[in-house]
Amino acid sequence: MRRLKKYQTGEAAQYITRRAALRKLQLSLNDFRRLCIIKGVYPREPKHRRRAQKGSSDIKILYHAKDIRFLLHEPIVWTLRDYKIFAKKTGRDRAIKDFRNLKRRLALFPELRIDHIVKERYPTFIDAIKDLDDCLTLLFLFSTFPSLRLIPREQSALCRRLTLEFLHYIISSKSIRKVFISIKGFYFQADIKGQMVTWIMPHHYPFKPHSKAEVDFKVMSIFVEFYTIMLGFVNYRLYHSAGYTYPPEIHYEKQADLEDNYKDELSYVSDRIAALNSDLDSKTNEPEEEIEDIDLDLIEQGQNSNRLITLKKKTQELKRLRTLFKGLKFYINREVPREPLVILIRSFGGKVSWDSTVFTGATYAETDESITHQIVDRPILSDKYISRDYIQPQWVFDCVNQRTLIPTNKYFIGATLPPHLSPFVDSKRESYIPPEESGTGNESFYNKDGSKSDENILDAQPEEIRTLDDQQLQVAYMEEKLEIEGDGYVQSEDEINPENDEVAPKELQKRDQEKLSMSVKVGKVHKENKRLNRKNELDEHRLQARMVKPRHRNLFRKLIREKQDKEKEKWLLKKKRRIIDGQNKDN
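By the naming in an unreviewed UniProt entry, the protein chain is Pescadillo homolog, taken from Ceratitis capitata. The UniProt entry for the protein chain carries this comment under Sequence similarities (unreviewed entry): "Belongs to the pescadillo family." Regarding the protein chain, the UniProt comment filed under Function (unreviewed entry) reads as follows: "Required for maturation of ribosomal RNAs and formation of the large ribosomal subunit."

Q: Where do I start with the overall build of the protein chain in this structure?
A: Secondary structure summary: the protein chain contains 23 helices and 9 strands in total. Relative to its 587 residues, the protein chain shows a buried fraction of 33%. Long-range contacts, defined here as pairs at least 24 residues apart, represent 63% of the contacts in the protein chain between residues at least 6 apart.

Q: Would you mind showing me how to read the packing of aromatic side chains here?
A: Each aromatic ring pair is summarised here by two numbers: the centre-to-centre distance and the angle between the ring planes. Applying the stated criterion across every chain yields a total of 21 aromatic pairs. For the ring pair phenylalanine 142 and phenylalanine 145, a centre distance of 5.2 Å and an interplane angle of 55° mean the geometry is tilted. Judged by relative accessible area, phenylalanine 142 falls into the buried class, the value being 0%. Ring centres of phenylalanine 330 and tryptophan 395 lie 6.4 Å apart, and the angle between their planes is 40°; on these two criteria the pair is classed as tilted. Of this pair, phenylalanine 330 sits in strand β6 (residues 329–332) while tryptophan 395 sits in helix α17 (residues 394–402), and the two are 65 residues apart along the sequence. Comparing phenylalanine 330 with tryptophan 395, the two get one shared label, buried. One aromatic cluster in this structure is built from Tyr122, Phe223, Phe226 and Tyr227. Residue placement shows arginine 338 over the ring face of tryptophan 354; its charged tip is 4.8 Å from the ring centre.

Q: Can you walk me through the packing of helix α11 (residues 153–173) against helix α12 (residues 217–242) in this structure?
A: Axis angle and axis distance: for two packed helices, these are the angle between their axes and the distance between the axes, and together they describe the pair. Where α11 meets α12, the axes come as close as 10 Å, and the angle between the chain directions of the two elements is 30°. As summarised for this structure, α11 and α12 are arranged roughly parallel, according to the angle between their axes. Read as a crossing pair, α11 and α12 show a hand that is left-handed. In contact with Gln155, Leu158, Cys159, Leu162, Thr163, Glu165, Phe166, His168 and Tyr169 of α11, α12 contributes Ser221, Val224, Glu225, Thr228, Leu231, Gly232, Asn235, Leu238, Tyr239 and Ala242.

Q: Honestly, the nonpolar core in this entry has me stumped. Any pointers?
A: Trp199 and Phe325 are the most contacted members of the largest nonpolar core, which has 95 residues in total. Considering every element that reaches this core, the biggest residue donor is α12, with 11 residues. Residues within four places of tryptophan 199 in sequence aside, it is in contact with Asp133, Leu136, Thr137, Phe140, Phe166, Leu167, Ile170, Phe186, Tyr187, Phe188 and Ala190.

Q: Sorry if this is basic, but what is going on with the pairing of strand β4 (residues 185–192) here?
A: Looking along a regular strand, one sees the side chains alternate between the two faces of the sheet. A large share of β4 lies buried, amounting to 7 of its 8 residues. The pairing of strand β3 (residues 176–181) with β4 spans 5 bridges and is antiparallel. Note that in β4 the partner of lysine 178 across the bridge is glutamine 189. Here β3 folds back onto β4, and the loop between the two strands holds 3 residues.

Q: Looking at this structure, how should I read the packing of helix α3 (residues 29–39) against helix α6 (residues 76–95)?
A: Two elements in contact, α3 and α6, have axes whose closest approach is 11 Å; the angle formed by their N-to-C orientations is 150°. Taken together, the axis directions place α3 and α6 in an arrangement best described as roughly antiparallel. Pair α3 / α6 crosses with right-handed handedness. Across from Asp31, Arg34, Leu35 and Ile38 in α3, the residues of α6 making contact are Ile76, Val77, Leu80 and Tyr83. Looking at the contact of α3 with α6 residue by residue, the classes come out as 6 nonpolar, no polar and 2 charged.

Q: How do you make sense of the sheet that holds β4 when you look at a structure like this?
A: Working definition: the strands of a sheet are paired by backbone hydrogen bonds and lie parallel or antiparallel to each other. Read across the open sheet, the 3 strands follow the order β3-β4-β5; overall the sheet is antiparallel. Each edge of the sheet is formed by a strand with only one pairing partner; in this case those strands are β3 and β5 (195–202). Between one strand axis and the next, the sheet turns by 15° as a mean value, whatever way the strands run.

Q: Any chance you could explain the sheet that holds strand β8 (residues 373–375) here in plain terms?
A: Judged by pairing direction, the sheet is parallel, and its 4 strands sit side by side in the order β7-β6-β8-β9 without closing on themselves. This sheet does not close on itself; its edge strands, each paired only once, are β7 (351–354) and β9 (389–391). When strand polarity is set aside, the average angle formed by the axes of neighbouring strands in this sheet is 25°. With 4 bridges connecting them, β6 and β7 associate as parallel partners. Within β7, the residue paired with lysine 329 across the bridge is lysine 351. Contacts from helix α16 (residues 338–347) reach β6, β7 and β8 within the one sheet, and its direction differs from that of β7 by about 155°.

Q: Before we go on, may I ask you to explain the pairing of β5 in this structure?
A: In terms of strand pairing, β4 meets β5 through 8 bridges, oriented antiparallel. Each bridged residue has a counterpart across the sheet, and for glycine 185 the counterpart in β5 is proline 202. Here β4 hands over to β5 after 2 residues, with lysine 193 in that stretch at a positive phi of 55°.

Q: What is the right way to read the pattern of salt bridges from this model?
A: Opposite charge on two side chains makes pairing possible when the charged atoms of those side chains draw close. On inspection of all chains with the given rule, the structure shows 17 salt bridges. For lysine 39, the salt bridge goes to glutamate 74, with nearest N and O atoms at 2.6 Å. Of this pair, lysine 39 sits in helix α3 while glutamate 74 sits in the loop between α5 (65–72) and α6, placing them 35 residues apart in sequence. On the accessibility criterion, lysine 39 (6% relative accessible area) is buried. Owing to a relative accessible area of 4%, glutamate 74 belongs among the buried residues under this scheme. We note a salt bridge from arginine 403 to glutamate 317, for which the minimum N-O separation is 3.3 Å. Within this pair, whereas arginine 403 is found in the loop between α17 and α18 (435–438), its partner glutamate 317 is found in helix α15 (residues 306–322), the two being separated by 86 residues in sequence. With relative accessibility at 30%, the residue arginine 403 sits in the partly exposed group.

Q: It is not clear to me how the state of the cysteines should be interpreted in this structure. Could you clarify?
A: Two cysteines joined by a covalent bond between their sulfur atoms form a disulfide. Counted according to the given criterion, the structure contains 0 disulfides. The closest cysteine sulfur to the non-disulfide-bonded cysteine 159 is located on cysteine 135, 8.9 Å from its own sulfur. Since its relative accessible area comes to 0%, cysteine 159 is described here as buried.

Quick notes on the rules
Counting restarts for each chain, with residues numbered from 1 along the sequence as it is written. Per-residue local features of the predicted model are confined to residues with pLDDT of at least 70, and side-chain atom pairs are confined, for both listing and counting, to 80 or more; whole-chain, interface and lining totals are unaffected and use all residues. As a convention, hydrogens and water are excluded, and side-chain values are obtained from all of the structure's heavy atoms. UniProt positions are given in the numbering used here, feature names are shortened, and annotations may be inferred rather than shown by experiment. Under the DSSP-based scheme used, a helix requires at least four consecutive residues in state H or I and a strand at least two consecutive residues in state E, with every element numbered from the N terminus. Per-residue accessibility, obtained with a 1.4 Å probe over protein chains only, is compared with the maximum for each type, and a residue is labelled buried under 20%, exposed over 50%, and partly exposed between these values. Contacts are residue-level and defined by heavy atoms, with any inter-residue pair within 4.5 Å sufficient. Only the six-membered ring of Trp is used, alongside the rings of Phe and Tyr, when aromatic pairs are assigned; centres must lie within 6.5 Å, and planes under 30 degrees apart are stacked while those over 60 apart are edge-to-face, with the rest tilted. For a ring to carry a charge above it, either NZ of a lysine or CZ of an arginine must fall within 6 Å of the ring centroid while also lying within 35 degrees of the normal to the ring plane. Note on geometry: axes are lines fitted to C-alpha atoms, helical ones only across the stretch in contact, with angles between N-to-C directions running from 0 to 180 degrees. Note that the term roughly parallel is reserved for angles under 35 degrees, roughly antiparallel for angles over 145, roughly perpendicular for angles of 65 to 115, and oblique for everything else. By definition, turning the near helix anticlockwise from the far helix through less than a right angle yields a left-handed crossing, and turning it clockwise yields a right-handed one. For our purposes a nonpolar core is just a set of buried Ala, Val, Leu, Ile, Met, Phe, Trp, Tyr and Cys residues, chained together by side-chain atoms within 4.5 Å. Strands qualify as paired when DSSP identifies two bridges or more between them. Polar here means any residue outside two lists: the nonpolar Ala, Val, Leu, Ile, Met, Phe, Trp, Tyr, Cys and Pro, and the charged Asp, Glu, Lys and Arg; Gly therefore counts as polar. Salt bridges are counted wherever a side-chain nitrogen of Lys or Arg sits within 4 Å of a carboxyl oxygen of Asp or Glu. For the purposes of this analysis, a disulfide is any pair of cysteine sulfur atoms at a distance within 2.5 Å.

In structure tokens, the structure reads:
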């Protein structure tokens, strides 16, 4: 048997450098990058870099050797090679000015088809839905771009169409569960086929091209090329599963394709919002909500367990959430960002409109007396109607996150808004929790009229029951004590029995004292010594540090440093909150 040489087994054989991969595939760096993005092959970090690099101490880009062997059998490698041949031949025709032959070659441009790769990377539909987060965020970003040097106009138009189709499904299925306003944009979370999908819709600003090449749009465009195919497949399955025709017939006006139209909000958003304010054509008349209720009722008849009760309670809560704005009519002023509000209001059963003289797609005018809420983002409004509430946009977002219609008095025009809390954080986290989130300033504890809601009364009921029981026990003890003092001591049967005369009188007195001392007494508040508790924690920490093995000490120190940083951040945030509360009290 031949003896293996050094670096022919182990990590050295498992990894391959990018330069060696390029030689093996016979592709340029740009084509190799495009192939890896489409196929989902990314660089790897070895456990022992020096062994993986065959003794070299330089930092190199490494890939798994099996991934590169996997790419050797990919059919699109030949298409990428055809691109190289096509570029050489068309360049030669331009150089010799053979425009007739050039026109013929341009008609035979090699087409890159990646449909089979989408099916290969996502064998099931649920796998594709789980990977929708980055896909939607990137496509929503590209839908706001005009035509750039590395981003063709057709690609941006395709992103607009696919994202609009996806939003139509979200509105019709009432799938949104959480929303948050951030400096990056609007965060949305929807429940699609039992999977939570989160994406960001960016704020719309006038586009300003950057002179510096800070962002590699070419690489992002390759990701978009794959994600557009993926989202097209997902939209097709979602529409057919919900009983809608695909592609949907979306009616909106197309603006002229001029450079001036890409500098204002009208070209990007106005047509899309007008399309979002219309309903989709459905093939079936049977709603999906009724089917879910029938299934749950059948399950409940079979067996009655805590899990089924919890499931039914969640289903009833979601049913109320889907009809949160049902029967309400909203009117949006021109200064308010309309797209996220239209998505939220229509997703939860409400109706919405705006000024028809400024934007297209309005369904009713401002003078309509049936309008219940008008969303305004300015300090003063001259003309007002008594029959409606004038609120700021944050009210809609907070109602969705708290899953109830909260009072509008803190969201009136010119009012200082309450903190907009993120629903994506863990309520049981160890970091700083603001008082509004912890429950001291939570408005969802009250109904619109200011009274406590039934659910919160049930939540607070056990503590009240305990206090009532303690009071009743104390009253019963006091009554029993008064009876004993008033009537005198009553002898028991043991004491009356003559056989027990031999018992010593000291023991009888001891028994009497024990019986009198057996009673319920009011408890005393135990004050904790903070200094003693801190000392016990330090002693416990020292014992833990001594028990750590020497090879795990660096990891233990790292964990301790992270814990100290979190505690310091929590302390700083508490200090900042105290300063703000003090300033508010002074004012």
